[in-house]
Amino acid sequence: MILNAGTLITMNDEREIREEVHVVTKDGEITEINDGFETGPEVIDAREEVVIPGLVNCHTHMYALPIRGAPLTAEPQSFYEALVDIWWEVDETFTLEDARLSSLGACTEMLQGGVTAFCDNYSGPNTLPGALNAVAKGVAQTPIRGMITFETTARNTEEEALAGIEENSRFIGEGEDDYDRLSGHYCLHTLFTNTEDVIEDCVDQAVTDNRPIQIHLEEGLVDVHRSIENYGKRPVPALEEMGFFDADIIAAHCVHSTENEIEILAEHDVSVAHNPYSNTNNAVGIANVEKMEEEGLTIGIGDDGWDPDMFETMRSAVGIHKLKKNNPSGFDMAKALEWSTIGSASVMGMDDEIGSIEPGKRGDFVTLDLGPNPVLPGSAPYYVVSAANAGDVTRTIVDGDIAYDQKKGVRGVDDTDMDAVGKASAKLWDRL
(Lines give C-alpha, C1' and ligand atoms only; values in the text may rest on other atoms or scores of the structure.)
Protein backbone atom coordinates (compact mmCIF):
# COMPACT_ATOMS: atom_id res chain seq x y z
CA MET A 1 0.00 0.00 0.00
CA ILE A 2 1.19 3.51 -0.84
CA LEU A 3 -0.37 6.50 0.92
CA ASN A 4 -0.02 9.99 -0.56
CA ALA A 5 -0.10 12.64 2.17
CA GLY A 6 -0.51 16.35 1.60
CA THR A 7 0.61 16.98 5.19
CA LEU A 8 2.11 14.18 7.28
CA ILE A 9 2.22 14.60 11.06
CA THR A 10 4.60 11.80 12.03
CA MET A 11 4.76 12.07 15.86
CA ASN A 12 8.26 10.59 15.64
CA ASP A 13 10.91 11.60 18.19
CA GLU A 14 11.58 14.83 16.29
CA ARG A 15 7.81 15.46 15.93
CA GLU A 16 8.57 15.89 12.24
CA ILE A 17 5.90 17.28 9.90
CA ARG A 18 6.37 16.71 6.18
CA GLU A 19 4.55 17.96 3.11
CA GLU A 20 3.78 16.26 -0.19
CA VAL A 21 5.14 12.82 0.60
CA HIS A 22 4.13 9.21 0.16
CA VAL A 23 4.35 6.41 2.72
CA VAL A 24 5.06 2.87 1.62
CA THR A 25 3.67 -0.04 3.64
CA LYS A 26 4.49 -3.70 2.99
CA ASP A 27 2.90 -6.60 4.88
CA GLY A 28 1.38 -4.08 7.27
CA GLU A 29 4.70 -2.42 8.13
CA ILE A 30 5.90 1.03 7.12
CA THR A 31 9.03 0.67 5.00
CA GLU A 32 9.61 4.09 3.43
CA ILE A 33 8.57 7.72 3.57
CA ASN A 34 9.59 9.55 0.40
CA ASP A 35 9.09 12.97 -1.11
CA GLY A 36 6.52 13.44 -3.85
CA PHE A 37 3.28 11.71 -4.78
CA GLU A 38 2.82 8.32 -6.44
CA THR A 39 0.17 6.98 -8.80
CA GLY A 40 -1.12 3.47 -9.41
CA PRO A 41 -3.66 0.90 -8.22
CA GLU A 42 -2.07 0.50 -4.77
CA VAL A 43 -2.12 4.22 -4.00
CA ILE A 44 -4.47 5.80 -1.47
CA ASP A 45 -4.61 9.44 -2.42
CA ALA A 46 -4.73 11.88 0.51
CA ARG A 47 -2.73 14.60 -1.23
CA GLU A 48 -5.33 17.21 -0.21
CA GLU A 49 -5.57 15.88 3.35
CA VAL A 50 -3.73 15.71 6.65
CA VAL A 51 -2.41 12.30 7.68
CA ILE A 52 -1.81 11.50 11.37
CA PRO A 53 -0.94 8.27 13.17
CA GLY A 54 -3.86 6.08 14.17
CA LEU A 55 -5.29 7.43 17.42
CA VAL A 56 -4.80 5.29 20.52
CA ASN A 57 -7.43 5.22 23.27
CA CYS A 58 -5.55 3.92 26.31
CA HIS A 59 -8.51 3.66 28.71
CA THR A 60 -12.07 2.87 27.70
CA HIS A 61 -15.13 0.89 28.73
CA MET A 62 -16.87 -0.44 25.64
CA TYR A 63 -19.71 -1.73 27.80
CA ALA A 64 -20.71 1.90 28.41
CA LEU A 65 -22.10 2.24 24.87
CA PRO A 66 -25.60 0.86 25.66
CA ILE A 67 -26.18 3.48 28.37
CA ARG A 68 -26.13 6.42 25.99
CA GLY A 69 -29.67 7.77 25.89
CA ALA A 70 -30.95 5.35 28.53
CA PRO A 71 -33.96 6.66 30.50
CA LEU A 72 -32.14 6.65 33.83
CA THR A 73 -33.81 8.17 36.89
CA ALA A 74 -30.73 8.30 39.10
CA GLU A 75 -29.45 11.77 40.00
CA PRO A 76 -26.06 11.11 41.64
CA GLN A 77 -24.63 13.90 43.76
CA SER A 78 -21.18 12.34 43.95
CA PHE A 79 -18.91 10.04 41.98
CA TYR A 80 -19.55 7.19 44.43
CA GLU A 81 -23.31 7.56 43.98
CA ALA A 82 -22.80 7.40 40.19
CA LEU A 83 -20.98 4.08 40.64
CA VAL A 84 -23.63 2.61 42.94
CA ASP A 85 -26.78 3.98 41.31
CA ILE A 86 -25.77 3.66 37.66
CA TRP A 87 -22.70 1.67 36.74
CA TRP A 88 -23.00 -1.17 39.23
CA GLU A 89 -26.65 -1.58 38.24
CA VAL A 90 -25.66 -1.68 34.58
CA ASP A 91 -22.87 -4.23 34.81
CA GLU A 92 -25.01 -6.60 36.92
CA THR A 93 -27.57 -6.56 34.09
CA PHE A 94 -25.16 -7.42 31.28
CA THR A 95 -25.44 -10.66 29.31
CA LEU A 96 -22.82 -12.31 27.12
CA GLU A 97 -24.66 -11.01 24.06
CA ASP A 98 -24.53 -7.48 25.52
CA ALA A 99 -20.79 -7.91 25.98
CA ARG A 100 -20.35 -8.94 22.34
CA LEU A 101 -22.59 -6.32 20.79
CA SER A 102 -21.38 -3.39 22.91
CA SER A 103 -17.82 -4.29 21.92
CA LEU A 104 -18.78 -4.50 18.25
CA GLY A 105 -20.57 -1.16 18.38
CA ALA A 106 -17.81 0.60 20.30
CA CYS A 107 -15.07 -0.67 17.99
CA THR A 108 -17.06 0.43 14.97
CA GLU A 109 -17.40 3.92 16.41
CA MET A 110 -13.75 4.08 17.35
CA LEU A 111 -12.67 3.20 13.81
CA GLN A 112 -15.09 5.77 12.40
CA GLY A 113 -13.35 8.34 14.61
CA GLY A 114 -9.78 7.40 13.69
CA VAL A 115 -8.94 5.15 16.66
CA THR A 116 -6.84 2.18 15.57
CA ALA A 117 -5.94 0.76 19.01
CA PHE A 118 -7.57 0.73 22.43
CA CYS A 119 -7.25 -0.61 25.97
CA ASP A 120 -10.59 -1.73 27.40
CA ASN A 121 -11.90 -2.69 30.83
CA TYR A 122 -15.06 -4.81 30.81
CA SER A 123 -17.27 -5.35 33.86
CA GLY A 124 -20.12 -7.84 33.97
CA PRO A 125 -19.94 -10.22 36.95
CA ASN A 126 -22.92 -12.26 35.79
CA THR A 127 -21.21 -13.06 32.49
CA LEU A 128 -18.43 -15.11 34.09
CA PRO A 129 -16.91 -17.34 32.87
CA GLY A 130 -16.55 -16.61 29.18
CA ALA A 131 -17.02 -12.84 29.30
CA LEU A 132 -13.79 -12.05 27.48
CA ASN A 133 -14.59 -14.53 24.71
CA ALA A 134 -17.77 -12.57 24.04
CA VAL A 135 -15.93 -9.25 24.12
CA ALA A 136 -13.21 -10.61 21.82
CA LYS A 137 -15.78 -11.91 19.34
CA GLY A 138 -17.31 -8.45 19.04
CA VAL A 139 -13.94 -6.74 18.68
CA ALA A 140 -12.63 -9.21 16.12
CA GLN A 141 -15.51 -8.56 13.72
CA THR A 142 -13.71 -5.26 13.06
CA PRO A 143 -10.09 -4.67 11.96
CA ILE A 144 -9.12 -2.70 15.10
CA ARG A 145 -6.29 -3.72 17.47
CA GLY A 146 -6.80 -3.77 21.23
CA MET A 147 -6.10 -4.93 24.75
CA ILE A 148 -9.02 -6.31 26.77
CA THR A 149 -9.49 -7.29 30.39
CA PHE A 150 -12.14 -8.21 32.92
CA GLU A 151 -12.41 -5.64 35.70
CA THR A 152 -11.76 -7.45 38.98
CA THR A 153 -13.88 -6.31 41.91
CA ALA A 154 -14.66 -7.68 45.36
CA ARG A 155 -17.50 -5.24 45.90
CA ASN A 156 -19.89 -8.20 46.22
CA THR A 157 -17.62 -11.05 47.32
CA GLU A 158 -13.95 -11.93 47.27
CA GLU A 159 -14.85 -15.10 45.37
CA GLU A 160 -16.28 -13.00 42.56
CA ALA A 161 -13.06 -11.01 42.41
CA LEU A 162 -10.97 -14.16 42.16
CA ALA A 163 -13.25 -15.36 39.36
CA GLY A 164 -12.43 -12.13 37.53
CA ILE A 165 -8.71 -12.77 37.86
CA GLU A 166 -9.23 -16.31 36.62
CA GLU A 167 -11.15 -14.98 33.60
CA ASN A 168 -8.18 -12.85 32.60
CA SER A 169 -5.72 -15.66 33.19
CA ARG A 170 -7.85 -18.06 31.13
CA PHE A 171 -8.16 -15.68 28.19
CA ILE A 172 -4.42 -14.93 28.20
CA GLY A 173 -3.58 -18.63 28.34
CA GLU A 174 -6.25 -20.04 26.05
CA GLY A 175 -8.13 -17.34 24.18
CA GLU A 176 -5.94 -14.62 22.76
CA ASP A 177 -4.00 -16.85 20.38
CA ASP A 178 -7.16 -17.03 18.29
CA TYR A 179 -6.86 -13.33 17.45
CA ASP A 180 -4.25 -11.44 15.45
CA ARG A 181 -4.69 -7.97 16.94
CA LEU A 182 -6.08 -8.70 20.40
CA SER A 183 -4.38 -9.43 23.73
CA GLY A 184 -5.41 -9.76 27.35
CA HIS A 185 -4.16 -8.09 30.51
CA TYR A 186 -5.30 -7.66 34.12
CA CYS A 187 -7.43 -5.03 35.84
CA LEU A 188 -8.34 -4.17 39.41
CA HIS A 189 -11.34 -1.88 39.57
CA THR A 190 -10.00 0.18 42.49
CA LEU A 191 -8.22 -0.26 45.78
CA PHE A 192 -11.42 0.41 47.74
CA THR A 193 -13.40 -2.29 45.90
CA ASN A 194 -10.79 -5.01 46.44
CA THR A 195 -9.03 -6.73 49.32
CA GLU A 196 -5.34 -7.09 49.99
CA ASP A 197 -5.52 -10.80 49.21
CA VAL A 198 -7.15 -10.13 45.84
CA ILE A 199 -4.57 -7.49 45.00
CA GLU A 200 -1.68 -9.79 45.86
CA ASP A 201 -3.18 -12.62 43.80
CA CYS A 202 -3.67 -10.30 40.82
CA VAL A 203 -0.07 -9.10 41.03
CA ASP A 204 1.21 -12.67 41.17
CA GLN A 205 -0.78 -13.63 38.06
CA ALA A 206 0.21 -10.51 36.13
CA VAL A 207 3.91 -10.95 36.90
CA THR A 208 3.74 -14.62 35.95
CA ASP A 209 2.04 -13.81 32.64
CA ASN A 210 4.17 -10.70 32.05
CA ARG A 211 1.08 -8.52 31.55
CA PRO A 212 0.20 -5.09 32.93
CA ILE A 213 -2.48 -4.37 35.50
CA GLN A 214 -4.82 -1.48 34.92
CA ILE A 215 -6.42 0.21 37.93
CA HIS A 216 -8.70 3.19 38.53
CA LEU A 217 -6.51 5.11 40.96
CA GLU A 218 -7.81 8.00 43.05
CA GLU A 219 -10.46 8.88 40.50
CA GLY A 220 -12.79 9.97 43.28
CA LEU A 221 -12.19 10.95 46.89
CA VAL A 222 -13.92 7.76 48.05
CA ASP A 223 -10.77 5.86 47.04
CA VAL A 224 -8.67 8.12 49.27
CA HIS A 225 -11.01 8.09 52.25
CA ARG A 226 -11.50 4.30 52.26
CA SER A 227 -7.75 3.76 51.99
CA ILE A 228 -7.08 5.93 55.01
CA GLU A 229 -9.86 4.15 56.94
CA ASN A 230 -8.67 0.65 56.01
CA TYR A 231 -4.90 1.02 55.78
CA GLY A 232 -4.05 4.22 57.62
CA LYS A 233 -2.53 5.81 54.54
CA ARG A 234 -3.42 7.11 51.09
CA PRO A 235 -3.89 4.69 48.17
CA VAL A 236 -0.46 4.93 46.51
CA PRO A 237 1.63 4.21 49.64
CA ALA A 238 -0.90 1.56 50.68
CA LEU A 239 -0.56 -0.20 47.32
CA GLU A 240 3.22 0.16 47.44
CA GLU A 241 3.28 -1.61 50.80
CA MET A 242 1.23 -4.46 49.30
CA GLY A 243 3.79 -4.97 46.51
CA PHE A 244 1.35 -3.79 43.87
CA PHE A 245 4.02 -2.02 41.87
CA ASP A 246 5.96 -5.24 41.38
CA ALA A 247 3.77 -5.54 38.27
CA ASP A 248 3.67 -3.15 35.32
CA ILE A 249 0.91 -0.71 36.15
CA ILE A 250 -1.39 1.48 34.07
CA ALA A 251 -3.02 3.92 36.49
CA ALA A 252 -6.18 5.53 35.16
CA HIS A 253 -7.21 8.99 36.36
CA CYS A 254 -4.93 9.80 39.36
CA VAL A 255 -7.09 12.89 39.89
CA HIS A 256 -6.46 13.08 43.64
CA SER A 257 -2.87 11.86 43.68
CA THR A 258 -0.68 14.16 45.76
CA GLU A 259 2.75 15.33 44.63
CA ASN A 260 4.35 12.78 46.96
CA GLU A 261 2.18 10.00 45.51
CA ILE A 262 3.09 11.04 41.97
CA GLU A 263 6.75 10.80 42.94
CA ILE A 264 6.13 7.25 44.18
CA LEU A 265 4.37 6.37 40.92
CA ALA A 266 7.38 7.72 39.01
CA GLU A 267 9.78 5.64 41.11
CA HIS A 268 7.88 2.54 39.97
CA ASP A 269 7.64 3.64 36.31
CA VAL A 270 3.83 3.67 36.39
CA SER A 271 2.04 4.86 33.25
CA VAL A 272 -0.98 7.16 33.51
CA ALA A 273 -4.17 7.07 31.44
CA HIS A 274 -5.56 10.61 31.62
CA ASN A 275 -9.34 10.88 31.12
CA PRO A 276 -10.14 14.60 30.94
CA TYR A 277 -13.66 14.44 29.51
CA SER A 278 -14.74 11.76 31.97
CA ASN A 279 -13.21 13.61 34.92
CA THR A 280 -15.14 16.71 33.92
CA ASN A 281 -18.39 14.80 33.42
CA ASN A 282 -18.07 13.04 36.78
CA ALA A 283 -17.00 16.30 38.44
CA VAL A 284 -14.13 14.58 40.23
CA GLY A 285 -11.39 17.13 39.53
CA ILE A 286 -8.36 17.73 37.33
CA ALA A 287 -5.28 15.52 37.41
CA ASN A 288 -1.92 17.14 38.16
CA VAL A 289 -0.36 16.34 34.78
CA GLU A 290 2.22 19.07 35.26
CA LYS A 291 3.75 17.23 38.21
CA MET A 292 3.46 13.94 36.34
CA GLU A 293 5.43 15.34 33.42
CA GLU A 294 7.98 16.88 35.77
CA GLU A 295 8.57 13.42 37.24
CA GLY A 296 8.82 11.81 33.80
CA LEU A 297 5.64 9.73 33.94
CA THR A 298 4.30 8.40 30.64
CA ILE A 299 0.88 9.93 29.91
CA GLY A 300 -1.78 8.89 27.43
CA ILE A 301 -5.43 9.80 26.90
CA GLY A 302 -8.55 7.69 27.25
CA ASP A 303 -12.24 8.39 26.76
CA ASP A 304 -13.30 6.21 29.72
CA GLY A 305 -16.18 5.00 27.58
CA TRP A 306 -17.89 8.39 27.44
CA ASP A 307 -17.24 9.85 24.00
CA PRO A 308 -16.04 7.88 20.95
CA ASP A 309 -14.73 11.11 19.38
CA MET A 310 -11.13 11.30 20.60
CA PHE A 311 -10.77 14.78 19.16
CA GLU A 312 -13.33 15.97 21.69
CA THR A 313 -11.37 14.22 24.43
CA MET A 314 -8.22 16.03 23.28
CA ARG A 315 -10.02 19.35 23.43
CA SER A 316 -11.29 18.51 26.91
CA ALA A 317 -7.68 18.11 28.01
CA VAL A 318 -6.74 21.44 26.48
CA GLY A 319 -9.70 23.21 28.05
CA ILE A 320 -9.44 21.95 31.60
CA HIS A 321 -5.70 22.51 31.89
CA LYS A 322 -5.96 26.04 30.53
CA LEU A 323 -8.87 26.74 32.86
CA LYS A 324 -6.98 25.37 35.85
CA LYS A 325 -4.27 27.97 35.23
CA ASN A 326 -6.70 30.73 34.17
CA ASN A 327 -4.37 31.17 31.22
CA PRO A 328 -5.38 30.79 27.55
CA SER A 329 -1.73 29.94 26.77
CA GLY A 330 -1.34 27.67 29.79
CA PHE A 331 -1.33 24.38 27.92
CA ASP A 332 0.40 23.35 24.70
CA MET A 333 -2.42 22.16 22.47
CA ALA A 334 -0.13 19.90 20.45
CA LYS A 335 0.53 17.87 23.59
CA ALA A 336 -3.03 16.53 23.44
CA LEU A 337 -2.28 14.98 20.04
CA GLU A 338 0.96 13.55 21.43
CA TRP A 339 -0.90 11.97 24.33
CA SER A 340 -3.50 10.52 21.94
CA THR A 341 -0.91 8.85 19.71
CA ILE A 342 2.60 8.00 20.86
CA GLY A 343 1.76 8.73 24.50
CA SER A 344 -1.13 6.29 24.68
CA ALA A 345 0.85 3.74 22.66
CA SER A 346 3.61 3.99 25.29
CA VAL A 347 1.09 3.59 28.12
CA MET A 348 -0.09 0.36 26.49
CA GLY A 349 3.50 -0.85 25.95
CA MET A 350 3.02 -0.75 22.18
CA ASP A 351 5.14 2.28 21.23
CA ASP A 352 7.59 0.09 19.34
CA GLU A 353 4.72 -0.85 16.97
CA ILE A 354 2.26 2.04 16.80
CA GLY A 355 1.74 5.68 17.79
CA SER A 356 3.93 7.34 15.16
CA ILE A 357 4.52 7.19 11.42
CA GLU A 358 8.05 5.96 10.74
CA PRO A 359 9.73 2.97 9.10
CA GLY A 360 9.51 -0.20 11.15
CA LYS A 361 6.14 0.57 12.68
CA ARG A 362 2.74 -0.75 11.72
CA GLY A 363 0.84 1.02 8.98
CA ASP A 364 -1.85 2.65 11.15
CA PHE A 365 -3.01 6.01 9.75
CA VAL A 366 -5.89 8.46 9.81
CA THR A 367 -6.65 10.76 6.88
CA LEU A 368 -8.42 14.03 7.70
CA ASP A 369 -10.24 16.53 5.52
CA LEU A 370 -9.98 19.75 7.55
CA GLY A 371 -11.77 21.98 5.08
CA PRO A 372 -10.71 24.91 2.90
CA ASN A 373 -8.03 26.57 5.02
CA PRO A 374 -4.39 25.87 4.16
CA VAL A 375 -2.48 23.56 6.50
CA LEU A 376 0.95 24.84 7.50
CA PRO A 377 3.64 22.57 9.00
CA GLY A 378 4.23 24.82 11.99
CA SER A 379 0.59 24.87 13.05
CA ALA A 380 -0.71 21.54 11.72
CA PRO A 381 -0.94 19.73 15.11
CA TYR A 382 -2.73 22.73 16.61
CA TYR A 383 -5.13 22.79 13.68
CA VAL A 384 -5.94 19.12 14.20
CA VAL A 385 -6.57 19.45 17.94
CA SER A 386 -8.53 22.70 17.74
CA ALA A 387 -10.71 21.96 14.72
CA ALA A 388 -10.89 18.27 13.78
CA ASN A 389 -13.66 15.90 14.78
CA ALA A 390 -14.66 12.35 13.98
CA GLY A 391 -16.69 13.57 11.02
CA ASP A 392 -13.49 14.79 9.36
CA VAL A 393 -12.00 11.28 9.27
CA THR A 394 -12.10 10.16 5.65
CA ARG A 395 -10.24 6.88 6.21
CA THR A 396 -8.88 4.84 9.07
CA ILE A 397 -6.09 2.48 8.04
CA VAL A 398 -4.85 -0.47 10.11
CA ASP A 399 -1.83 -2.54 9.09
CA GLY A 400 -1.81 -0.83 5.70
CA ASP A 401 -5.41 -1.79 4.88
CA ILE A 402 -8.43 0.51 4.89
CA ALA A 403 -10.46 -0.34 7.98
CA TYR A 404 -12.91 2.53 7.61
CA ASP A 405 -13.90 4.65 4.65
CA GLN A 406 -16.50 7.43 4.80
CA LYS A 407 -18.36 6.00 1.83
CA LYS A 408 -18.09 2.28 2.61
CA GLY A 409 -18.10 2.31 6.41
CA VAL A 410 -16.18 -0.07 8.68
CA ARG A 411 -14.91 -3.23 7.03
CA GLY A 412 -16.81 -6.28 8.31
CA VAL A 413 -19.72 -4.31 9.80
CA ASP A 414 -23.05 -3.50 8.16
CA ASP A 415 -26.30 -1.76 9.09
CA THR A 416 -27.80 -5.02 10.34
CA ASP A 417 -25.01 -5.36 12.88
CA MET A 418 -25.50 -1.83 14.20
CA ASP A 419 -29.27 -2.32 14.34
CA ALA A 420 -28.62 -5.34 16.56
CA VAL A 421 -26.42 -3.18 18.82
CA GLY A 422 -29.25 -0.66 19.23
CA LYS A 423 -31.90 -3.32 19.88
CA ALA A 424 -29.72 -4.93 22.55
CA SER A 425 -29.31 -1.55 24.22
CA ALA A 426 -33.08 -1.03 24.31
CA LYS A 427 -33.57 -4.47 25.87
CA LEU A 428 -30.96 -3.67 28.51
CA TRP A 429 -32.79 -0.43 29.34
CA ASP A 430 -35.93 -2.49 29.99
CA ARG A 431 -34.04 -4.67 32.47
CA LEU A 432 -32.57 -1.78 34.45
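See the structure printed just above.
Here the structure is a predicted model, which means the values were calculated and not measured.

The rules behind the values
- Residues numbered from 1 in each chain as written.
- Predicted model: local features only at pLDDT ≥ 70, side-chain atom pairs only at ≥ 80, totals over all residues.
- Heavy atoms only, no water.
- Helix = DSSP H or I, 4+ residues; strand = E, 2+ residues; numbered from the N terminus.
- Rg over C-alpha atoms; globule rule 2.2 N^0.38 Å.
- Buried < 20%, exposed > 50% of the residue type's maximum accessible area, 1.4 Å probe, protein only.
- Contact = heavy atoms within 4.5 Å.
- Areas by Shrake-Rupley, 256 points an atom, 1.4 Å probe, with all protein chains shown as cover.
- Pairing = 2+ DSSP bridges.
- Axes fitted to C-alpha atoms, helices over the stretch in contact; angles between N-to-C directions.
- Left-handed = near helix turned anticlockwise from the far one by under 90°.
- Nonpolar A, V, L, I, M, F, W, Y, C, P; charged D, E, K, R; others polar.
- Polar contact = N/O pair within 3.5 Å; in protein donor to acceptor, adjacent residues only side chain to side chain.
- Parallel < 35°, antiparallel > 145°, perpendicular 65-115°, else oblique.
- Core = buried A, V, L, I, M, F, W, Y, C linked by side-chain atoms within 4.5 Å.

**Student:** I'd like a rundown of the overall build of the protein chain, residues and numbers included.
**Tutor:** From N to C terminus, the protein chain includes 14 helices and 18 strands. In terms of overall size, the protein chain behaves like a compact globule, its C-alpha atoms giving a radius of gyration of 21 Å where 432 residues would be expected to give roughly 22 Å. C-alpha extents for the protein chain along the principal axes are approximately 65 × 45 × 45 Å. Residues classed as buried in the protein chain amount to 59% of the 432 residues present. For the protein chain, contacts bridging at least 24 residues in sequence account for 75% of all contacts bridging at least 6. Summed over all atoms, the accessible surface of the protein chain reaches about 16,800 Å², with 44% contributed by carbon and sulfur.

**Student:** Provide a residue-level description of the sheet that holds strand 9 (residues 182-184), including the pertinent values.
**Tutor:** Adjacent strands of a sheet form backbone hydrogen bonds with each other and so pair up, either parallel or antiparallel. The strand order across the open sheet formed by 4 strands is 5-6-7-9, and the pairing between neighbours is parallel. Two strands lie at the open edges of the sheet, namely strand 5 (55-60) and strand 9, each paired on one side alone. Each strand of the sheet is rotated relative to its neighbour by a mean of 15°, with strand direction disregarded. Pairing analysis gives 3 bridges linking strand 7 (residues 145-148) to strand 9, with the strands arranged parallel. Paired with M147 across the two strands is S183, which belongs to strand 9. Seen against the sheet, helix 11 (residues 310-325) touches strand 5 and strand 6 (115-120) and runs at an angle of roughly 75° to strand 5.

**Student:** Would you mind going over the packing of helix 2 (residues 96-112) against helix 3 (residues 131-140) in detail, with residue names and values included?
**Tutor:** The relative placement of two packed helices comes down to the angle between their axes together with the axis-to-axis distance. As a packed pair, helix 2 and helix 3 sit with axes 7 Å apart at the nearest point and diverge in direction by 30°. Taken as a pair, helix 2 and helix 3 cross one another with a handedness that is right-handed. Contacts from L96, A99, R100, S103, L104 and C107 of helix 2 reach helix 3 at A131, A134, V135, K137, G138 and V139. Residues that form the contact of helix 2 with helix 3 fall into these classes: 8 nonpolar, 2 polar and 2 charged.

**Student:** Describe the environment of I299, with residues and values.
**Tutor:** Assignment of secondary structure puts I299 in strand 14 (residues 298-301). The exposure class assigned to I299 is buried, which follows from its relative accessible area of 5%. Separated by 28 residues in sequence, I299 and S271 place their C-alpha atoms 6.2 Å apart. Look past the residues within four positions of I299 in its chain and what remains in contact with it is V272, H274, V289, M292, E293, W339, G343, S344 and V347.

**Student:** Describe the side chain of D364, and please don't skip the residues or the numbers.
**Tutor:** If you trace the backbone, D364 turns up in the loop between helix 12 (333-347) and strand 15 (365-368). A polar contact of 2.9 Å, which involves the side chain of D364, links it to the backbone nitrogen of D399. Apart from the residues lying within four places of it in its own chain, the contact partners of D364 are I52, P53, G54, T116, R145, I354, I397, V398 and D399.

**Student:** How would you explain the sheet that holds strand 3 (residues 29-35) if you had to name every residue and give the values?
**Tutor:** Reading across the sheet, the 8 strands line up as 3-2-1-4-15-16-17-18 and stay open at both edges, with mixed pairing between neighbours. The open sheet has two edge strands, strand 3 and strand 18 (409-410), and neither has a second partner. Of the strand pairs in this sheet, strand 15 and strand 16 (residues 393-398) are connected by 4 bridges, and their pairing is antiparallel. When the sheet's bridge partners are listed, L368 is paired in strand 16 with V393.

**Student:** Summarise the packing of helix 11 against helix 12; cite the residues concerned and give the values.
**Tutor:** Axis separation between helix 11 and helix 12 bottoms out at 9 Å; the angle between their running directions is 135°. On the basis of their axis angle, the class for helix 11 and helix 12 is oblique. Here helix 11 runs over helix 12; the crossing is right-handed. Of the residues in helix 12, those in contact with M310, M314, A317, V318 and K322 of helix 11 are M333, A336, L337, W339 and S340.

**Student:** With reference to specific residues and values, describe the nonpolar core.
**Tutor:** In this structure, I52, I213, F244 and V384 are the most contacted members of the largest nonpolar core, which totals 107 residues. Top contributing element to this core by residue count: helix 2, with 7 residues. Not counting residues within four places of it along the chain, the set of residues in contact with I52 comprises I9, F311, L337, I357, D364, F365, V366, L368 and V384. Counting 14 residues, the second-largest nonpolar core is a separate cluster that includes A5, L8, V23 and I397.

**Student:** Requested: an account of the environment of Y122, with residues and values cited.
**Tutor:** Tracing the sequence through the fold places Y122 in the loop between strand 6 and helix 3. Taking C-alpha positions, Y122 is 14 Å from S183, a pair spaced 61 residues apart along the chain. Non-local contacts of Y122, meaning those with residues more than four positions away in its chain, are made with Y63, F94, T95, A99, T127, A131, V135, T149, F150 and E151. A distance of 3.0 Å separates a polar atom in the side chain of Y122 from a polar atom in the side chain of T127.

**Student:** Let's hear about the pairing of strand 17 (residues 401-405): which residues, and what values?
**Tutor:** Judged from the 4 bridges that link them, strand 16 and strand 17 form a sheet pairing that is antiparallel. Note on strand 17: the bridge partner recorded for V398 is D401. The turn joining strand 16 and strand 17, which pair antiparallel and follow one another in sequence, is formed by 2 residues; a positive phi near 55° is taken by D399. Here strand 17 pairs with strand 18 via 2 bridges, running antiparallel. Along strand 18, the bridge assignment pairs D405 with G409. In this structure, the hairpin formed by strand 17 and strand 18 is closed by a connection of 3 residues.

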